[in-house]
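A look at the structure
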Amino acid sequence: MSSSDDLLTLSNETVGNSTFIAYIGQYIDLDYSIWLYRLLTPILVTFLLPCAFVLLIYCTISFLYIYKLHSRFILQVYNEGDFDFWDVARTLVAVVWDAHGWIFHGYEVRGIENLPESGPALIIYYHGAIPIDMYYFTARIYLKKQRLIYTVGDRFLNKVPGWTLLARVMKISPGTVQSCASVLREGNMLSIAPGGVYEAQFGDSNYELLWRRRVGFAKVAMESKAPIIPMFTENLREGFRSVGLAKRLFIRLYNAVRFPVRPIYGGFPVKFRTHLGTPIPYDPSLTPEELQEKVAFAIEELINKHQRIPGSIFHGLLDRFFSRKAKAT
């Protein structure tokens, strides 16, 4: 083929491409599309960041399965009679989660001296949109005090693929009043969020407790005679938030299916600081309803003292660099 033919072919291709772009341009404003893409990218990222949290959970689950598959070799190394097979796995998982909390949220725990060195304790906490603070807290206490905190989780978690092994290793279960009291009577620490998934889905940056009339945790404390330790994590709602639109519709849908239905966004690296209040000792003179009110008041005090209300993502980010004084009570 001659050079003139080559030039002719190239010219035809150029004309064809120009015609195609002109044709597309009749229906799509390319400049507008680029502007829209740049505008929506930060919004899309805020909805994708919670997936990183889910990914970390599945990385943890994958590690536990690999650890389980190599049980024979591990037991050959650790052949002591009193060796707990899962202790090494829990320690490694705790190290990863504690490092993630420290790097991504500058995670701290205040009031750790309120936890007993031994014996039972019932930890009652405020439930964020994602209870990531309990993952960090459990890891920190396991590393600092060598004590595993048993956790009450919602029943829907049992339907999550791979969750069963993680729940068995980290002692997460739905629990009844009797089973929870039994865990405490055995001298363990147990954590419960009375607001549960409802509080997670429909709480907001005003940090109101959405416990409704739940008194099950109070019955657990009274039956086991264990002290209650109130817990609250500062800026928890600024890390992850639920979408604020169509709240009534999502409440109706949640009541129908009893499954998290409200979209979550966030993953902002705000400062997380967990506060543990003064232990509330067993008092046989209180009714479950009275004990519930007493614990709710203790957590509300922690919120009012340590949390900026309404919460602010911007100020939560600044808290990573500047310490904020607690409010006087």
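Cut-offs applied
- Residues numbered from 1 in each chain as written.
- Predicted model: local features only at pLDDT ≥ 70, side-chain atom pairs only at ≥ 80, totals over all residues.
- Heavy atoms only, no water.
- Patch = residues over 30% accessible without salt bridge, like charges linked within 9 Å, V, L, I, M, F, W, Y side chains within 5 Å.
- Areas by Shrake-Rupley, 256 points an atom, 1.4 Å probe, with all protein chains shown as cover.
- Salt bridge = Lys/Arg side-chain N within 4 Å of Asp/Glu carboxyl O.
- Lys, Arg positive; Asp, Glu negative; His and termini not counted.
- Charge placed at Lys NZ, Arg CZ, Asp CG, Glu CD.
- Helix = DSSP H or I, 4+ residues; strand = E, 2+ residues; numbered from the N terminus.
- Pairing = 2+ DSSP bridges.
- Contact = heavy atoms within 4.5 Å.
- Axes fitted to C-alpha atoms, helices over the stretch in contact; angles between N-to-C directions.
- Phe/Tyr/Trp six-rings, centres within 6.5 Å; stacked < 30°, edge-to-face > 60°.
- Buried < 20%, exposed > 50% of the residue type's maximum accessible area, 1.4 Å probe, protein only.
- 1 Å grid on protein atoms, 1.4 Å probe; cavity = no way out; pocket = protein on both sides within 12 Å on 5 of 7 lines; lining within 4 Å.
- Points joined across faces, edges and corners; volume = space filled by probe spheres on them.
- Nonpolar A, V, L, I, M, F, W, Y, C, P; charged D, E, K, R; others polar.
- Core = buried A, V, L, I, M, F, W, Y, C linked by side-chain atoms within 4.5 Å.
- Parallel < 35°, antiparallel > 145°, perpendicular 65-115°, else oblique.
- Left-handed = near helix turned anticlockwise from the far one by under 90°.
- Expected span 1.5 Å × (residues − 1).

Per an unreviewed UniProt entry, the recorded name for the chain is Phospholipid/glycerol acyltransferase domain-containing protein, and the organism is Anopheles dirus.

A contiguous patch of negative charge, built from Asp 204, Glu 208, Glu 300 and Glu 301, is present on the exposed surface. Turning to its location among the elements, Glu 301 is positioned in helix H12 (residues 288–306).

Our focus in this paragraph is the sheet that holds strand S1 (residues 108–110). Pairing within the open sheet is mixed, and its seven strands lie in the order S1-S9-S6-S2-S5-S3-S4. Among the strands making up the open sheet, the edge pair consists of S1 and strand S4 (172–173). Of the strands in this sheet, S1, strand S2 (121–125), strand S3 (149–152), strand S5 (189–192), strand S6 (228–234) and strand S9 (273–276) are in contact with helix H5 (residues 132–145), which crosses S6 at around 120°.

Right, let's get into the packing of aromatic side chains. Enumeration over the complete set of coordinates arrives at 18 aromatic pairs. Note on Phe 156 and Phe 259: the rings are 5.1 Å apart at their centroids and 75° apart in plane angle, and the pair reads as edge-to-face. Of this pair, Phe 156 sits in the loop between S3 and helix H6 (163–170) while Phe 259 sits in the loop between helix H11 (247–257) and strand S8 (264–266), and the two are 103 residues apart along the sequence. Since its relative accessible area comes to 16%, Phe 156 is described here as buried. A ring pair is formed by Tyr 198 and Tyr 254, whose centres lie 6.1 Å apart and whose planes are at 55°; its orientation type is tilted. Of the two residues, Tyr 198 is situated in helix H8 (residues 196–202) and Tyr 254 in helix H11; the sequence distance between them amounts to 56 residues. Of the two residues examined, Tyr 198 and Tyr 254, each falls in the buried class.

It is worth spelling out a nonpolar patch on the surface at this point. Residues Leu 253, Val 257 and Phe 259 make up a contiguous nonpolar surface patch of roughly 250 Å² in combined accessible area. You can call Phe 259 partly exposed: its relative accessible area is 39%.

What follows is about empty space enclosed by the protein. Counting across every chain of the model gives two cavities of 30 Å³ or more. In this structure, the largest cavity occupies an estimated 40 Å³ of space. Of the residues in the lining of the largest cavity, the class split is nine nonpolar, no polar and one charged. For the second largest cavity, the calculated volume is near 30 Å³. Lining the second largest cavity, in full, are Gly 153, Asp 154, Leu 157, Asn 158, Trp 163, Ile 172, Ser 173 and Pro 174. Considering only residue class, the lining of the second largest cavity consists of four nonpolar, three polar and one charged.

Among the nonpolar cores identified, the biggest contains 81 residues, and Trp 97, Leu 122, Ile 124, Ile 132, Phe 137, Ile 228 and Val 295 are the most heavily contacted of them. Filtering out sequence-adjacent residues up to four positions away, Leu 122 remains in contact with Leu 184, Leu 190, Ile 192, Phe 217, Val 220, Ala 221, Pro 227, Ile 228 and Ile 229.

Okay, the pairing of S9 next. Along S9, one buried face is formed by Arg 273 and His 275 and the opposite face, lined by Thr 274 and Leu 276, is buried too. Here three bridges tie S1 to S9, and the two strands are oriented parallel to one another. Counted as the bridge partner of Glu 108 is Arg 273 from S9. Direction of pairing for S6 relative to S9: antiparallel, over a ladder of four bridges. Within S9, the position partnered with Thr 233 by the bridge is Thr 274.

Another point: the packing of helix H4 (residues 87–105) against H5. Taken N-terminus to C-terminus, the directions of H4 and H5 make an angle of 120°; their axes are 8 Å apart at the nearest point. The pairing of H4 with H5 is recorded here as oblique in orientation. As for the relative orientation of H4 and H5, their crossing is left-handed in sense. Between H4, through Asp 87, Arg 90, Thr 91, Ala 94, Val 95, Trp 97, Asp 98, His 100, Gly 101 and His 105, and H5, the contact on the second element is made entirely by Ile 132, Tyr 135, Tyr 136, Ala 139, Arg 140, Tyr 142 and Leu 143. Of the residues belonging to the contact of H4 with H5, the class tally is nine nonpolar, four polar and four charged.

Time to look at H4. Between its first and last C-alpha, H4 extends 26 Å over 19 residues, near the 27 Å set by a 1.5 Å rise per residue. Within two residues after H4, Gly 106 carries a phi angle of roughly 55°, on the positive side.

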